[in-house]
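Observations on the model geometry
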Amino acid sequence: MEFLLLLVLGKPLWMWLLFFTLVVALLAFDLGVLHKDDHEIGVAESLKLSAMYIALGLSFSGFIWWQMDAEATAQYLTAFVVEKTLAMDNIFVIALIFGFFAIPREYQHRVLFWGILGVILLRGIMIGLGATIVDQYHWVLYLFAAFLIFTGIKMLFIADKEHKIEENGLIRFLKRRMHVTDEVRGHAFFVRKSNPQTGRLVRYATPLFLALIMIEIADLVFAVDSVPAVFTITTDPYIVYTSNIFAILGLRALYFALAAILHRFAYLKYALSVLLVFIGSKIFVADLMGWEKFPPAWSLGITFAILGAGVTLSLWKTGKVSASPQPVAAVEPIQK
């Protein structure tokens, strides 16, 4: 059993196996028990499932404290909160993707579930490469920090810009390179049907598969911001990866409750912009103050303060708008 003590990215192999076993068990329970049959997930079920994932993610900090120390625990909790909130913007895009492809609510969980598997793999590759680069070239952290500051400032000016899925070149590329059905075929990602030109049975992708691909690409794009953000909090690959995966697991479960009230968080994007600038500036502040690193407890407290201000302002502002009488407007169907 000595192989379980082999170090993998700075941690014993058994710690990685324990985490992956927990994730696999959660996914098996999710798909095999809770969502064995396709059904529309309501707000209550979404909140319960999300609460379970959040509780597990927070409980895992106890394991971090037991195996490492209090400082590592504060870093894990900060990374968990930051990753979860940065991924909030991903929910806006997921909602747009599902709307564009007209994916029925009863099949949306299936797309998100299989999307998680891609996230686990892609985030692992990105974090493994990032940890190796940072370990060899510590100055790369300063590049990460500068990139986050630039991204945060840029987000302040484009926070109100709408994503236009129909202008995405990847969709046009996929439709030119594969056969795609015009409508959803149950929960299938692929079906076999007759080619109208040749009469032969060929494999067709369904809109569910295109939605899955677009969600994976969207997550990869958001990871370009979130992974460097967590590396500026801690360079420990185990903390970076576990906090990432737990945050995303819970957030996708929360999607079904948040999708209907996304408009209430209109100002959260500005808070996320400020948060990116803060996270990026920490390494420079620590150098100016002569600290070895920015105090993890301060980082966690300031993170909560920024996000709390964003959520409070959003609920207050949108609540005032909702309370005002609104003119009745004609509703036109969305044309693809």
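Everything in this summary refers to the structure shown in the same document. As the structure is a computational prediction, the values presented were derived from the model and not from experiment.

Re the overall build of the chain
- When helices and strands are tallied, the chain shows 11 helices and four strands.
- Per-residue burial for the chain yields a buried fraction of 47% across its 336 residues.
- Sequence-distant contacts in the chain: of pairs separated by 6 or more residues, those separated by 24 or more amount to 77%.
- As presented, the chain carries roughly 17600 Å² of accessible surface, and 67% of it is formed by carbon and sulfur atoms.

Some points on helix α9 (residues 237-258)
- For α9, which comprises 22 residues, the first-to-last C-alpha distance of 30 Å matches the rise-based estimate of 32 Å (1.5 Å per residue) to within 8%.
- Largest kink in α9: about 30 degrees, centred on Arg-252.
- Summarising burial for α9: 22 of the 22 residues are buried, a large majority.
- Capping the start of α9, Asp-236 holds a side-chain oxygen 2.9 Å from the backbone nitrogen of Tyr-238, two or three residues further along.

Here's the deal with the packing of helix α5 (residues 105-136) against helix α8 (residues 207-231)
- Remark: α5 packs on α8, axes separated minimally by 9 Å, with the N-to-C direction vectors making an angle of 35 degrees. The element α5 and its partner α8 pack so that their crossing is right-handed.
- Among the residues making up the contact of α5 with α8, the classes are represented as 19 nonpolar, four polar and three charged.

Digging into the packing of α8 against α9
- Two elements in contact, α8 and α9, have axes whose closest approach is 12 Å; the angle formed by their N-to-C orientations is 135 degrees. Viewed along their axes, α8 and α9 adopt a mutual orientation that is oblique. In the crossing of α8 with α9, the sense of the turn from one axis to the other is right-handed. From α8, Ile-215, Asp-219, Ser-226, Val-227, Val-230 and Phe-231 reach across to α9, where they touch Val-240, Ser-243, Asn-244, Ile-248 and Arg-252.

What to know about the pairing of strand β3 (residues 190-194)
- Direction of pairing for β3 relative to strand β4 (residues 201-205): antiparallel, over a ladder of five bridges. Bridging from a neighbouring strand, Ser-194 pairs with Leu-201 of β4.
- Hairpin remark: β3 followed by β4, antiparallel, with six residues in the connecting loop; positive phi at Gly-199, about 80 degrees.

Some words on helix α10 (residues 268-289)
- With 22 residues, α10 extends 30 Å from end C-alpha to end C-alpha; this agrees with the ideal 32 Å at 1.5 Å per step.
- In α10, a bend of some 40 degrees at Lys-282 exceeds every other bend along the element.
- Positive backbone phi, approximately 75 degrees, marks Gly-290, located one or two places after α10.

Rules used throughout
- Residues numbered from 1 in each chain as written.
- Predicted model: local features only at pLDDT ≥ 70, side-chain atom pairs only at ≥ 80, totals over all residues.
- Heavy atoms only, no water.
- Helix = DSSP H or I, 4+ residues; strand = E, 2+ residues; numbered from the N terminus.
- Buried < 20%, exposed > 50% of the residue type's maximum accessible area, 1.4 Å probe, protein only.
- Contact = heavy atoms within 4.5 Å.
- Areas by Shrake-Rupley, 256 points an atom, 1.4 Å probe, with all protein chains shown as cover.
- Expected span 1.5 Å × (residues − 1).
- Bend = angle between axes of the 7 residues up to and from the residue.
- Polar contact = N/O pair within 3.5 Å; in protein donor to acceptor, adjacent residues only side chain to side chain.
- Axes fitted to C-alpha atoms, helices over the stretch in contact; angles between N-to-C directions.
- Left-handed = near helix turned anticlockwise from the far one by under 90°.
- Nonpolar A, V, L, I, M, F, W, Y, C, P; charged D, E, K, R; others polar.
- Parallel < 35°, antiparallel > 145°, perpendicular 65-115°, else oblique.
- Pairing = 2+ DSSP bridges.

Keep in mind that these numbers describe shape and distance, not what the molecule does.
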